[in-house]
Amino acid sequence: MNDPAAFVDEAVRRLQIEVPDRAIIAASGGIDSTTAAILAEKALGERARAIFVDTGLLRAGEVERVSEHFRAAGLRFEVVRAADSFFAALDGVADPEEKRRRVGAAFIRLFETEASRIGTDRLIQGTIAPDWIESGGALRDTIKTHHNVGGVPADSRLVLVEPLRDLYKDEVRALARHLGIPSAERQPFPGPGLAVRVNGVVTPERVRRARVANAIVEEEVERAVAGGQIPRPWQYFAVLLASRTVGVTGDNRVHGEAVSVRIVESVDAMTATAMEVPRSVLRTIAERITRELTGEVVRVLYDVTDKPPATIEWE
Ligand code: XMP
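Residue numbers run consecutively from 1 along every chain, following the written order of its sequence. Owing to the predicted nature of the model, reporting of local features is limited to residues with pLDDT of at least 70; listing and counting of side-chain atom pairs is limited to 80 or more, with chain, interface and lining totals taken over all residues. Only hydrogens and water are set aside; all other atoms, that is, all heavy atoms of the structure, feed into the side-chain values.

Visitor: Help me understand the pairing of strand S1 (residues 23-26) in this model?
Guide: Along any regular strand, the residues point their side chains to alternate faces of the sheet. Neither face of S1 is left uncovered, since the one carrying Ala23 and Ile25 and the one carrying Ile24 and Ala26 both have all their residues buried. Bridge count between S1 and strand S2 (residues 48-54): 4 bridges; the pairing is parallel. Bridging across to S2, Ile25 finds its partner in Ala50. Consider the strands pointing away from the viewer: the crossover is right-handed when the path from the first strand over the helix to the second runs clockwise. The way it works is that DSSP assigns letters per residue, a run of H or I at least four long becomes a helix, a run of E at least two long becomes a strand, and they are numbered from the N terminus. Read as a crossover between parallel neighbours, the route from S1 over helix H2 (residues 31-44) to S2 is right-handed. One requirement defines pairing of two strands: DSSP has to find at least two bridges between them. Across 2 bridges, S1 lies against strand S4 (residues 122-124) in parallel orientation. Bridge assignment links Ile25 to a residue of S4, and that residue is Ile124. Exposure classes here rest on a 1.4 Å probe applied to the protein chains alone. A residue is buried below 20% of its type maximum, exposed above 50%, and partly exposed in between.

Visitor: Any chance you could explain the sheet that holds S2 here in plain terms?
Guide: Sheet strands line up and pair through hydrogen bonds in the backbone, either parallel or antiparallel. Spatially, 5 strands are ordered S3-S2-S1-S4-S5 in an open sheet, and the strand pairing comes out parallel. The outermost strands of the open sheet, each flanked by one partner alone, are strand S3 (77-81) and strand S5 (159-161). The sheet shows a mean angle of 35° between the axes of neighbouring strands, taken without regard to direction. Contacts between residues were defined by any pair of non-hydrogen atoms, one from each residue, lying within 4.5 Å. Axis lines are fitted through C-alpha atoms, for helices just across the contact stretch, and the angle between N-to-C directions can take any value from 0 to 180 degrees. The strands that H2 touches are S1, S2 and S4; relative to S1, the one it contacts most, it runs at about 160°. The strands that helix H5 (residues 96-118) touches are S1, S2, S3 and S4; relative to S2, the one it contacts most, it runs at about 145°.

Visitor: Help me understand the site of the ligand in this model?
Guide: Throughout, near means a residue has at least one heavy atom within 4 Å of the molecule or strand. Arg100, Gln235, Lys307, Ile312 and Glu313 are the nearest of the 14 residues found near the ligand. Here a polar contact is taken to be a pair of N or O atoms separated by no more than 3.5 Å, where protein atoms must pair a possible hydrogen donor with a possible acceptor and residues adjacent in sequence count only if both atoms sit in side chains. Taking Gly191, its main chain carries an N or O atom lying 3.3 Å from a nitrogen atom of the ligand. The contact in question runs from an oxygen atom of the ligand to an N or O atom on the side chain of Glu313, over 2.6 Å. Note that Gly is not counted as nonpolar here; it falls among the polar residues with everything else outside the nonpolar set of Ala, Val, Leu, Ile, Met, Phe, Trp, Tyr, Cys and Pro and the charged set of Asp, Glu, Lys and Arg. When its residues are assigned to classes, the shell around the ligand shows 6 nonpolar, 4 polar and 4 charged.

Written out as structure tokens, the structure is:
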């Protein structure tokens, strides 16, 4: 994409052909789907309906933050609360790829319901080129199943419309700037949400722990950035590990959970370096997580592995 204005004209023209009547838009709050949603509004006006799903797997304050972002971008949208169906879909599942498939399928079922409510079969998504490349197209090994690609069952009656599918991230950023979309994402966040940051089985309880730990890491890293102690990392988050571990609270030994903190530098997420973070920052994070989740999380680790050989998320 050399010329954003020309891309917009062409995308609008194609959307008007691909969507004969109405469409729903899967809007996650990320830059890709917000950009796709704004293009859809340009092309279809009120015939396009943007939906933001509260999956129960979101970070602290995310519904409010995303809603504010959509308002600032001038997007009309609706929040659909669906935590129960996502937790039901994930019940008892520990395998990371299976989690991604279940979350993807739950999204598709929900979109099918919402689409039939307004009498359409068109679903507009913000899929970009690396999503389907990493999900394993022809002759490619699957690196990971992106929920917006791998979760579409063959028998779904939804017809996907993907106006950004040939673009790379830097091109989407340029397009978003051209469309006047304010940048909101402080850092990338996986489509399947905190399900990716809860290793092992996903329960509302465990997601709540991951949510609290993620919020603490975000707050303390942002404080350290504001105080000039570290440069702004590419990503900074907490992962609830699959194994249990022994700790002490008061006079009791408890069999609690362990959290790994991940703070990485990167330019495109293809490679990443574990950041050298001052011990005092890590100590505060560990102290807060074990205090604010007393008896639940008893151990905090810092992941010093680069990508490769590790990935950024733990899954
Ligand atoms: P990994 O863990 O493979 O992640 O090193 C690379 C980057 O991708 C983000 N990520 C996702 N982004 N949908 C997304 O849009 C997803 O399903 C997804 N899963 C991981 C991850 O946070 C990192 O920035």
